[in-house]
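Below, each chain spelled out in residue letters.
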Amino acid sequence: MYLIKTTQLSFDLRADETIVSSDIHFYKNPKCQTHKNSLFLDGIGLELISILIDGQQPNYELSDKGLQLRDLADEFVLNIVNRIHPETNTSLNGLYQSSGNFCTQCEAQGFRQITYYLDRPDVLSVFTVHITADTAKYPVLLSNGNLVEKTQTKTTWHDPAPKPCYLFALVAGDFAVLEDNYISMSGRDVALKIYVEAHNINKTQFAMDSLKRAFAWDESRFNLEYDLDIYMIVAVDDFNMGAMENKGLNIFNSTYVLADPKTATDTDFINVEAVIGHEYFHNWTGNRVTCQDWFQLSLKEGLTVFRDQEFTADLHARSIKRIEDVNALRTFQFAEDLGPMAHPVRPESYIEMNNFYTLTVYEKGAEVIRMIHTFLAETGFQKGLKLYFERHDGNAVTIDDFIASMSDANGFDFSQFMHWYCQPGTPKISIKSNYDEKNQRLSVQVEQHNKHNYLLPLNYALFSDQGVITQQGMLTVSQQKQKFVFEDVKPNTTASWLRGFSAPIKLATDLNFEQKVFLVGHEQDAFSVWDNAQQIWLLLILTPDKIDEVLFFDALEKVINTTQDKSLISEILTLPSERFLHQQVDVIDIFDIHQKREIAMQKIITRLGALLSKLYQSLVNDNAYEITPDAVGSRSLKNTCLYYLSQGEDLKLANTQFKQANCMTDQMAAFSLLMASENPYKEQAKLDFYQTFKADAQVMDKFFGALSIAKTSNVNSVKLLMQHQLFSFDTPNRLRSVVGSFAQNYINFHNQAGYEFLTDIILKLNQSNPQIGARLVSVYNHWRRFTPELKALQKQQLEKIIKSDQLSNDIFEIVQAALK
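The shown structure was predicted, so the numbers you read here are calculated from the model rather than taken from an experiment.

(A) Highlighting the overall build of the protein. Helix and strand counts for the protein come out as 25 helices and 28 strands. Against the 2.2 N^0.38 benchmark of 28 Å for 820 residues, the protein shows a C-alpha radius of gyration of 28 Å, consistent with a compact globule. Taking the principal axes of its C-alpha atoms as reference, the protein extends roughly 90 × 65 × 60 Å. Across the 820 residues that make up the protein, the buried fraction comes to 59%. Taking the contacts inside the protein whose residues are at least 6 apart along the sequence as the reference set, 69% of them involve residues at least 24 apart.

In structure tokens:
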């Protein structure tokens, strides 16, 4: 009905309140055919002080959800003054305080907690922001765009590019800053600034280097250049998500900014780089072209996750990145597809939008983009992306607009492909083969077992009995039953399917055990090597009587001795997680699965213990810390060996590594092992670790997490941790490190006391931070699949939650779905 030309915001930040004044220039949407001259503005938790339209009192009505305006002209300026209380805002949406500093989080619907507005992604406006504060207490006053005026008590920022209000950001506080610059490919000198609390300034250089790498990569890979003169990042400890891509002023969870070798693991370093890249890449895929509505969330998130995955793959080990991404997808997103909140990549409805910032939208969405890239190849994908920006730069669009650009640029029909966006669940595909030895012909039937037939790429290779690839390529699968014929196929050929995980599907093949062992030893695609090893581990854990363990361990030993990629060896040696194993059974018996996995682990130690010990010793060194693929791989394999070698009663090796480690990767690996059992070194290691790192919030999150997930932990010990002086219920990172970690401590959490403890936490969060509460309540999503006793106990908790007073939409939506 109405759009917005310009938005002027003035913030008077005070200790006990904030006064927000807005001047918003509205105009009638020329595309709107209705003649209704009324408008509803979203607003929650606001105290209206005054309201004027073109200087006159308007016809309006207030409700607890916003402001209804009536009798409006086709064009007008709305002036509103309202009061908010960031100092008591524990939801961490809208404007709130973190460590005494002001910051914002407006995606998806946080701006309505700041002032009355059209809080939707398809309404774009040019913003000018004035910030007034006590600059002795808050010397840094930031907002989006360019700084146009600064006085002793006030700063003014102007963002020339129209944006939706979810990309608005404000920060005020006492920060130290690391400054640098980047010269873009057109010669623009971009000022780069990372703001952190002063005691963390020495942990920001890697983030700055990562940011510059992201700028350079997006220019070289996608020919995309930054468009402002300044790019700022602010790190805060209190943040519900990972980071937020606000135009020119990213606000980050400090976990994804702060890193040095003494306090950050290899995983931390790579995650910092990836998240910084992700938020920067949003400048084009999310900011300059944004979503028409929140159902299109994967338009920006799926595409940008694909881009950040490629960024990491190009800079580090592509093969290992692929394995890690697929492992996470299968473990967490496939489980989401099996649960009550299963939804398409493009959801069809929601009660609370925050509940759909999911692995399906992000990670599965990225896999859908990857399939488009596979079909079109790099050149075709680039052509499609270029057309997408040419058509839609500066607009709010849909997934269909993106697909149309890819299709039109390449002459490729993606109409059937749209099932990937519209259907929930993980597609199931089976392959059956028949070999005609006389004619040396291999016939393969691919069958889809889904409600709809998907269009998908299936990468394959055929291997001779000597392990040489004789044929390879991609099959385009589109029908319910589809036959593919391969000629000139020699006897004893082994086929490898879904190489590189070319589609996010569950694939059942007729490969026998011996063929899978063969592929572990001969495949050249790292994902396929790992995938076949994982399939064999599943058999060893769940049905050990059905496999030839000697054959597999012989092949595995050969792989360990001949493979140069230490990261790949580490991945191959790592058993499927208990969480992944839960998906492989009809009824989840927590304790049975745990015991079976422990037995498999003992078999590895018995058969490979001597080799792992020798391998571990060969990897111990005092080399200077590097984040190169070789160095990361060596540490990964060393700590995988240490994990197996520390499963007995003797943890001397772990204790020695803990004391001598020259980086957090090695020290944390050893510390976790020492905390996992009762041993002579445990208490001293705990004391030493705490005394060394108690002033470092990120390391203390690791400390609390290791204690909470340890096999020796229980409800009482976790409650004791929550009384620790460094525990803060209102800090999401710390709460996740304790409560979130304990909920993954399957053998000690899954009992009545564990469930009652979690439910009490959820109900408390319902009042203070329902977004985090909703993440935790999803622990109960699969309650129907548990053994009868645990199933009944979890149901009781869900019923208790649904009956509680004033249940938030965040938590209600998930519990209601679980109980349906």
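What follows continues from the structure just given.
(B) Region of the structure containing the environment of Ile-194. Tracing the sequence through the fold places Ile-194 in strand S16 (residues 189-196). Classification of Ile-194 by relative accessible area gives buried; the value is 0%. On a C-alpha basis, the gap between Ile-194 and Pro-30 in space is 41 Å, while along the polypeptide they are 164 residues apart. Once residues lying within four places of it in the same chain are set aside, the contact partners of Ile-194 are Ala-176, Val-177, Leu-178, Thr-204, Ala-207, Met-208, Ile-233 and Val-257.

(C) Representation of the sheet that holds strand S28 (residues 506-508). Taken together, four strands build an open sheet; the order of strands is S26-S23-S22-S28 and the sheet is mixed. Strands at the two margins of the open sheet, each flanked by one partner only, are strand S26 (481-486) and S28. Taken over all neighbouring pairs, the strand axes of this sheet differ in orientation by 20° on average, direction set aside. Here six bridges tie strand S23 (residues 441-448) to S26, and the two strands are oriented antiparallel to one another. Within the sheet, the bridge partner assigned to Val-444 lies in S26 and is Phe-484.

(D) Up close: the environment of Lys-31. Within the secondary structure, Lys-31 is located in the loop between strand S2 (18-28) and strand S3 (39-42). Given a relative accessible area of 73%, Lys-31 falls into the exposed group. Put simply, Lys-31 and Met-1 are 30 residues apart on the chain and 8.5 Å apart in space, counted from C-alpha to C-alpha.

(E) Summary view of the side chain of Asn-82. When you line up the elements, Asn-82 lands in strand S7 (residues 75-84). Given a relative accessible area of 0%, Asn-82 falls into the buried group. Only 2.8 Å separates the side chain of Asn-82 from the side chain of Thr-115, close enough to count as a polar contact. Setting aside anything within four residues of it in sequence, one finds Asn-82 in contact with Thr-18, Ile-19, Val-20, Leu-46, Glu-47, Leu-48, Ile-49, Ile-114 and Thr-115.

(F) View of unusual backbone geometry. Look at the link from Glu-107 to Ala-108: it is a cis peptide, with omega at 5°. If you trace the backbone, Ala-108 turns up in the loop between strand S9 (101-105) and strand S10 (125-132). If you check the backbone angles, Ser-99 has positive phi at about 50° while not being a glycine. Here Ser-99 shows up in the loop between strand S8 (94-98) and S9. Ser-99 gets classed as partly exposed once you look at its relative accessible area, which sits at 46%. Residue Phe-501 is not a glycine yet carries a positive backbone phi of 50°.

(G) Looking closely at the pattern of salt bridges. Counting across every chain of the model gives 50 salt bridges. Two residues, Asp-696 and Lys-203, come together in a salt bridge whose shortest N-O distance is 2.6 Å. Note that Asp-696 is positioned in the loop between helix H17 (682-693) and helix H18 (697-709) and Lys-203 in the loop between S16 and helix H1 (205-222), a separation of 493 residues in sequence. Two residues, Arg-307 and Asp-218, come together in a salt bridge whose shortest N-O distance is 2.7 Å. Here the residue Arg-307 occupies a position in helix H3 (residues 297-315), and Asp-218 occupies one in helix H1, the gap between them amounting to 89 residues. An identical accessibility class is assigned to Arg-307 and Asp-218; each is buried. Ionic contacts of the salt-bridge type, sharing partners, join the residues Arg-221, Glu-310, Asp-314, Arg-318, Arg-370 and Glu-378 into one network.

(H) Quick look at the pairing of strand S14 (residues 170-173). Of the two faces of S14, the one lined by Leu-170 and Ala-172 and the one lined by Val-171 and Gly-173 are each fully buried. Note: S9 against S14, two bridges, orientation antiparallel. Residue pairing for S14: Phe-102 is matched across the bridge by Ala-172. Relative to S14, strand S11 (residues 140-143) is paired through four bridges, and the arrangement is antiparallel. Residue Leu-141 lies in a different strand from S14, and its bridge partner there is Ala-172.

(I) Summary view of the sheet that holds strand S13 (residues 154-163). Strand order in this open sheet of seven strands is S4-S7-S2-S1-S10-S13-S12, and the pairing throughout is mixed. Only two strands of the sheet have a single neighbouring strand rather than two, namely strand S4 (47-53) and strand S12 (146-150). The mean inter-strand angle of the sheet, taken between neighbouring strand axes irrespective of direction, is 15°. Where strand S1 (residues 2-13) and S2 come together, eleven bridges link them in antiparallel fashion. Considered in S2, the bridge of Leu-3 is made with Tyr-27.

(J) Fine view of the side chain of Gln-647. Along the chain, Gln-647 turns up in the loop between helix H14 (629-645) and helix H15 (652-660). In this structure the side chain of Gln-647 is engaged in a polar contact, spanning 2.7 Å, whose partner is the backbone oxygen of Tyr-643. Filtering out sequence-adjacent residues up to four positions away, Gln-647 remains in contact with Met-601, Gln-602, Ile-605, Leu-673 and Lys-711.

(K) Inspection of helix H6 (residues 399-410) at higher detail. The terminal C-alpha atoms of H6, which comprises twelve residues, lie 17 Å apart, in line with the 16 Å expected from a rise of 1.5 Å per residue. Looking at H6, one finds that the buried residues are Ile-399, Phe-402, Ile-403, Ser-405, Met-406, Ser-407 and Ala-409. Contacts made by the buried residues of H6 are with H3, helix H5 (359-392) and helix H7 (419-422). Positive backbone phi, approximately 65°, marks Gly-411, located one or two places after H6.

(L) Representation of the pairing of S1 within the structure. Connecting S1 to the antiparallel partner S2 that follows it, the hairpin turn spans four residues. As judged from the seven bridges shared by S1 and S10, these two strands associate in the parallel manner. Bridge pairing links Gln-8 to Thr-128 in S10.

(M) Region of the structure containing the packing of helix H4 (residues 318-338) against H5. Contact geometry for H4 and H5: axes closest at 10 Å, N-to-C directions at 130°. With respect to their mutual orientation, H4 and H5 come out oblique. For the element pair H4 and H5, the recorded crossing hand is left-handed. Residue-level inspection shows Arg-322, Leu-329, Phe-332, Gln-333, Glu-336 and Asp-337 of H4 in contact with H5, the latter providing Leu-359, Thr-360, Glu-363, Lys-364, Glu-367 and Arg-370. Residues that form the contact of H4 with H5 fall into these classes: three nonpolar, two polar and seven charged.

Each value, and the rule that gives it
- Position labels on residues start from 1 in each chain and follow its written sequence.
- Reporting of local features is limited, given that this is a predicted model, to residues whose pLDDT is at least 70; pairs of side-chain atoms are given and counted only at 80 or more, and all residues count toward the totals for whole chains, interfaces and linings.
- To get the side-chain values, take all heavy atoms of the structure and skip hydrogens and water.
- In this description a helix means any DSSP run of H or I spanning at least four residues, a strand means any run of E spanning at least two, and both kinds are numbered starting from the N terminus.
- When we talk radius of gyration, it's over C-alpha atoms, and the globule rule is simply 2.2 Å times the number of residues to the 0.38.
- The rule is simple: take the accessible area with a 1.4 Å probe, protein chains only, and divide by the maximum for that residue type; under 20% is buried, over 50% is exposed, in between is partly exposed.
- The contact definition used throughout considers only heavy atoms, calling two residues in contact when any of these lie within 4.5 Å.
- When DSSP finds at least two bridges between two strands, those strands are taken to pair.
- In this analysis an axis means a line fitted to C-alpha atoms, helices contributing only their contacting stretch, and an angle means the value between N-to-C directions, from 0 to 180 degrees.
- Here a polar contact is recorded for every N or O atom pair within 3.5 Å, except that within protein the pair must consist of a potential hydrogen donor and a potential acceptor, and residues adjacent in sequence are included only if both atoms are side-chain atoms.
- Whenever Lys or Arg places a side-chain nitrogen within 4 Å of a carboxyl oxygen from Asp or Glu, that contact is recorded as a salt bridge.
- Helix span, expected: 1.5 Å multiplied by one less than the number of residues in the helix.
- Roughly parallel covers angles under 35 degrees, roughly antiparallel covers those over 145, roughly perpendicular covers 65 to 115, and oblique covers all other angles.
- The hand of a helix crossing depends on one turn: near helix anticlockwise from the far one by less than a right angle means left-handed, and clockwise means right-handed.
- Ten residues, namely Ala, Val, Leu, Ile, Met, Phe, Trp, Tyr, Cys and Pro, are considered nonpolar, four, namely Asp, Glu, Lys and Arg, are considered charged, and the remaining ones, Gly among them, are considered polar.

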